[in-house]
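Per-entry structural report
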Amino acid sequence: MIRVMESIISEYYIFKNDILIGLIIIFLTIIASILINTKENKIQIINKMMKYAFYIFVVICFGEVTSLLGLAPQIEYENFNVVIFVIVLGIILIGMVLHCIMYKNIHGPVLQACKYIQYVIFFELFLLVITQHLELVEGFTGTLAIICIEMIKIFYERVKIYNERMRIEYREETAKEYDYPNTDLYYTRKKQLEKFVSVLEQQKYEPYAIMVSGEWGSGKSSFIKALEKKLKEDCFIWIQAGSEKTSSDTLLEISEKLLGILKENNIFIENDNLIEKYFVAFSGLLDETGLKFFNIVTGLLGMNIKGDSKEYLNSKLSELNKTVYIIIDDLDRCGEEYQIKMFKVIRESTELINCKTIFLVDKKKFLNEVYDANHIEKYISYTLELCKGNCQEILMYHINNILGDEFFEEIKNILKKGRNAEKIRAIICNFPENVLESCQTEVSKLDGYIKNSICEKTDNENRIKEIKETILEIEENITNSRKLKNYLKGIKRDLSNLNTVIDECSMDFQREDWLKAIIEVQFVKNILPRMYSNIKISRDITEFQTNYPPYSFEIIFGFKYNIGLLSENKGYVLNYIIYNLDIIDYSQVQTQREKYLAELNSERTDIAHVNEYIKYSQSLDNFYKVLKVIEIQKFNNNYERAKFLSEFFDVISQQSIYFKKNNREFLDFSKQLACCLAGLELTETEKAICLRKRYYIIRRVVRDSLMKFIKILLVLFQTNKVYENMQITLVNDIDSLFERLKVIDEDYLFHGLIDGPDKLGNIKRYFNHLRDELQRENYRDLKINYEDLFKDINIIFDICKFWNNLENSLNRADENSLPSFEQYFNLQIYSFNDSVFLNVSTLFQALKVLKRFYESKNNCYKPEFSKFLLYLSRKIVNNYESNPGWFEEKEKEVNNLLQELSEEVCKLDNATDEEGKDIVCIIKINIFRFTKYCKSNE
């Protein structure tokens, strides 16, 4: 490699003068281009060029002196200088490229490489001098190279400034939707800004500092950004105070930015360091470091660093024909020591010509025992309290930018419900004030109840207290611009997420008003964060209501009749939005749901995934398939089975489930579930889990049915008394329902509510009396189909009775358990095993087992069960036709059992499809033929 380099160097020396002249022309062109197009003070650039030329002159002189003194090393290798230069330069360039690739950044590595190359050129010139090889043209080329590299650094700095300005402009364009400071203000703030500008103009030539006060999210930064836009002729230095910065970092940042402003405005700065020294000196940093001794010595010698640098800075600021505003943001979030130093900045800025300081804080948090109102008067001359905007004004200002027409064009009509963009925006904007008005109306109504002694005083006083606290929190937060923007952005995010999956919901849930539910949830999340936090730590909405019964919650989410009861599927909708839709890894959650439901609906089910099947099930049909899985497959151990039972009961007892728990379908499912549990041969521990968890299901059934009870009670009893007693927080089970009914019917107008062990039976008899009452002539004008309503209520009572008597069902199941069923039959393929036809005795035993199996499935029969008898009867007929002697003259007994089984199957199998009908028909034919064979043999 050295030989290749030497050959290239030898070629270079042949054309050296031409190459150097070419480089000189290139360097001069670059320097001239940058000098002509730069906006900086050209004198500053020429001063830098002269400074570097002077440095080169010093290096050359030092090299000459070193050579004359004989201190130069003797280097015999003639190409040493060039080789060293090329190798070091190559290393620098390779390092620059690697840093650009690693950090994906060009600006920083290029500037760093430029600086190192300048050092290398200085060193190369020094080597050429001490080895007596420096020629005039080489020295001139080196000087121009160093100056040209400095010009490139200036160019890159300009590129950086340009990119920063582009970024700021982009932020300003998107600020209305996002959280960047926004230069546009809504009307009330614009008026305040105009007054503030007039204050600044009146004090233009007076030194001052200003405190702008406003709570978090109130728009302090946006207000000053708007001021900066309005005073575009002036200069603004933004300082973001924070715990990650030291005060020295902040002061150096101020000095650098102030120096940059002076240079941009063509103020000649012959000594950059004096400005930096000024900020360091007055901050007291020298007293806190190892330079304290130096500070004392300079004072004794009569050197006033602070005074000299301040005088120098003021002399340069006096040449500036504009005001420099130093903006210090988030000062109230910093430590006390940091604030003390920054107050020195604020105080000193009042003594700087054309320099004003504005610091942004929340005065309520900022003023404490150290910084009280009297203390800060020493530092500031004016305090501006940001006005609070009107909720409607703020929302109307932001909503078109966040929820524009284009956004709503992409939203499916299932969510919009036929409402256009303008109407939806009106609903969103009016919702906060509507909630506030509803809360205030509720307080007035409850006050009236207390005065008229209609209801219990203590309970209503608690309601009033809680709602008033909510009113205060709403009033405070609906004037906060950031909270309202987050409210709008939350609605946008939830609508976008839901828009992709809404088609997967059943038609029952597609009819729900998801948009309204999203508005309600986002209102609570952003305007009432404490309430939302309590909701999130609960398992579902129902558990939240039990543990934290806020009455204002009922108002916000539109509970019917103030009884704590959600409309049809509203509970599921709210739970989905609060607990599922807002999950960060939402797409993955959906993928898992789709994966396990697809597996459940296929022939590839795995009992190891049964808990996932439960978690993602969306209908009763899914749960029937889960039961089929546990009937066919076996758990690995009792622990897994106990876990399944606990999970299953937890899921079906939740309100956020896809089916109702107070209808005939759920009653049928409950019976099949009991049959399935019987087949599992539960241990005493597992039975205890089922019996304990059943009460959650009864509670859910009762709660879901409150409206049905209320519709009847409202006709016969005082409205207020019904509402006060039939609340979801008061009625949790059969016992509490019984007690509430006794309070409502305190005069015993209708018989049946007698204390005793069978409270469910007494409630059922009581409602039968109510039904008889409503059938009287004087209720006919109601024109309500109470007959269907009482049928529904009777189903509710049957469900509760079934679950109350679950223990008896499980005990009976033990008596009818079928330990030998799997010995003869295969539930997986609905057929029989070879052991059935070992001999006529095993066949006879198998028929008895099958009969008992059919009897156990009286309430949970599946059409597939008929296949057992289909395949068995066909095999029996085939056996008789091929070998009648196989039956050992016991064919009559076999035939009698077949007849009984046929009758049982025909009774249980209500086949509706063609295949099912064909199975039943062929069973009848097979048994008819076998009966005929038996009779012919007599």
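Residues numbered from 1 in each chain as written. Predicted model: local features only at pLDDT ≥ 70, side-chain atom pairs only at ≥ 80, totals over all residues. Heavy atoms only, no water.

**Observations regarding the pairing of strand β4 (residues 355-361)**
Basically, it comes down to this: Throughout, exposure labels follow a simple rule: accessible area from a 1.4 Å probe, protein chains only, divided by the maximum for the residue type, with under 20% read as buried, over 50% as exposed, and the rest as partly exposed. A run of H or I in DSSP counts as a helix once it spans at least four residues, and a run of E counts as a strand once it spans at least two, with each numbered from the N terminus. Strands are treated as partners if at least two bridges between them are detected by DSSP.
When you tally the buried positions in β4, you get seven out of seven residues, the bulk of the element. With five bridges joining them, strand β1 (residues 209-213) and β4 adopt parallel strand pairing. Counted as the bridge partner of Met211 is Phe359 from β4. Pairing geometry for strand β3 (residues 324-329) and β4, over six bridges, is parallel. Among the inter-strand pairings, Ile328 is bridged to a residue of β4, identified as Phe359.

**Thoughts on the confidence of the model for the chain**
Parts of the model with low pLDDT should not have their predicted coordinates read in detail. We apply this condition: pLDDT expresses how confident the predictor is about each individual residue, on a scale running from 0 to 100. What makes two residues a contact is simply this: any of their non-hydrogen atoms within 4.5 Å.
Across the chain, the average pLDDT comes to 78, with 81% of residues at or above 70. By mean pLDDT, helix α11 (residues 292-300) is the weakest element of the chain at 37, and helix α23 (residues 514-527) is the strongest at 91. Note on residues 560-566: pLDDT under 50 across the span, and 27 contacts to partners over four residues away in sequence or across chains. Across residues 813-819 the pLDDT falls below 50, and counting only partners more than four positions away or on other chains, this stretch makes seven contacts in the model.

**Looking at the sheet that holds β3**
Operational definition: Fitted lines through C-alpha atoms give the axes, limited to the stretch in contact for helices. The angle between two N-to-C directions lies from 0 to 180 degrees.
Spatially, β2-β3-β4-β1-β5 is the arrangement adopted by the five strands of the open sheet, whose pairing is parallel. Edge strands, defined here as strands with exactly one partner in the open sheet, are β2 (235-240) and β5 (382-385). When strand polarity is set aside, the average angle formed by the axes of neighbouring strands in this sheet is 20°. Relative to the sheet, helix α8 (residues 220-230) contacts β1, β2, β3, β4 and β5, its axis offset from that of β2 by approximately 160°.

**Focus on the pattern of salt bridges**
Inclusion rule: We define a salt bridge as a side-chain nitrogen of Lys or Arg found within 4 Å of a carboxyl oxygen belonging to Asp or Glu.
Applying the stated criterion across every chain yields a total of 26 salt bridges. Asp704 is the partner of Arg700 in a salt bridge, and the nearest nitrogen-oxygen pair spans 3.2 Å. One end of the pair is Arg700 and the other is Asp704, both in helix α33 (residues 684-704) and four residues apart, which spans about a single turn. What makes Asp704 partly exposed here is its relative accessible area of 25%. Of the charged contacts, one joins Asp755 and Lys742 as a salt bridge, the two residues approaching to 3.1 Å between their closest N and O atoms. In this pair, Asp755 sits in the loop between α36 (734-744) and α37 (759-774) while Lys742 sits in helix α36, placing the two residues 13 residues apart along the sequence.

**Concerning empty space enclosed by the protein**
Where we set the bar: Buried and open spaces are told apart on a 1 Å grid over the protein atoms alone, a cavity being a set of points where a 1.4 Å probe fits but cannot get out and a pocket being an open set with protein on both sides within 12 Å along at least five of seven lines. Residues with an atom within 4 Å of a point are the lining residues. Grid points are joined across faces, edges and corners, and a volume is the space filled by probe spheres set on the points. Gly is put with the polar residues, along with every residue not named as nonpolar or charged; the nonpolar set is Ala, Val, Leu, Ile, Met, Phe, Trp, Tyr, Cys and Pro, and the charged set is Asp, Glu, Lys and Arg.
Applying the stated criterion across every chain yields a total of three cavities of 30 Å³ or more. As a volume, the largest cavity reaches approximately 40 Å³. Taken together, Gln545, Pro549, Pro550, Phe553, Glu554 and Thr729 make up the lining of the largest cavity. Its residues assigned to classes, the lining of the largest cavity comprises three nonpolar, two polar and one charged.

**Here's the deal with the side chain of Ser213**
Checked against the element boundaries, Ser213 lands in strand β1. Excluding anything up to four places from it in sequence, Ser213 contacts Lys220, Val361, Asp362, Lys363, Leu384, Glu385 and Leu386.

**What to know about the packing of α23 against helix α27 (residues 570-581)**
To be explicit about the condition: Oblique is the label for every angle not falling under 35 degrees (roughly parallel), over 145 degrees (roughly antiparallel), or within 65 to 115 degrees (roughly perpendicular). Note: crossing handedness is left-handed where the near helix turns anticlockwise from the far helix by less than a right angle, and right-handed where it turns clockwise.
Put simply, α23 and α27 touch, their axes get as near as 10 Å, and they point 55° apart. As summarised for this structure, α23 and α27 are arranged oblique, according to the angle between their axes. When the axes of α23 and α27 are compared, the crossing they make is right-handed. Along its contact with α23, which presents Trp514, Ala517, Ile518, Glu520 and Val521, the element α27 presents Lys570, Tyr572, Val573, Leu574, Tyr576, Ile577 and Ile578. Among the residues forming the contact of α23 with α27, the class breakdown is 10 nonpolar, no polar and two charged.

**Thoughts on a negative patch on the surface**
Quick note on the threshold: Like charges within 9 Å and nonpolar side chains (Val, Leu, Ile, Met, Phe, Trp, Tyr) within 5 Å are joined into patches, using only residues over 30% in relative accessible area that form no salt bridge. The accessible surface values rely on the Shrake-Rupley method and a 1.4 Å probe; as for residues, cover is taken only from the protein chains in view. Under the counting rule used here, the positive set is Lys and Arg, the negative set is Asp and Glu, and His together with the chain ends is not counted. Charged side chains are reduced to one point each, which is NZ for Lys, CZ for Arg, CG for Asp and CD for Glu.
Side chains of Asp913, Glu914, Glu915 and Asp918 sit close together on the surface and give a patch of like negative charge. By secondary structure assignment, the location of Glu914 is in helix α44 (residues 914-936). For Glu914, a relative accessible area of 56% puts it in the exposed group.

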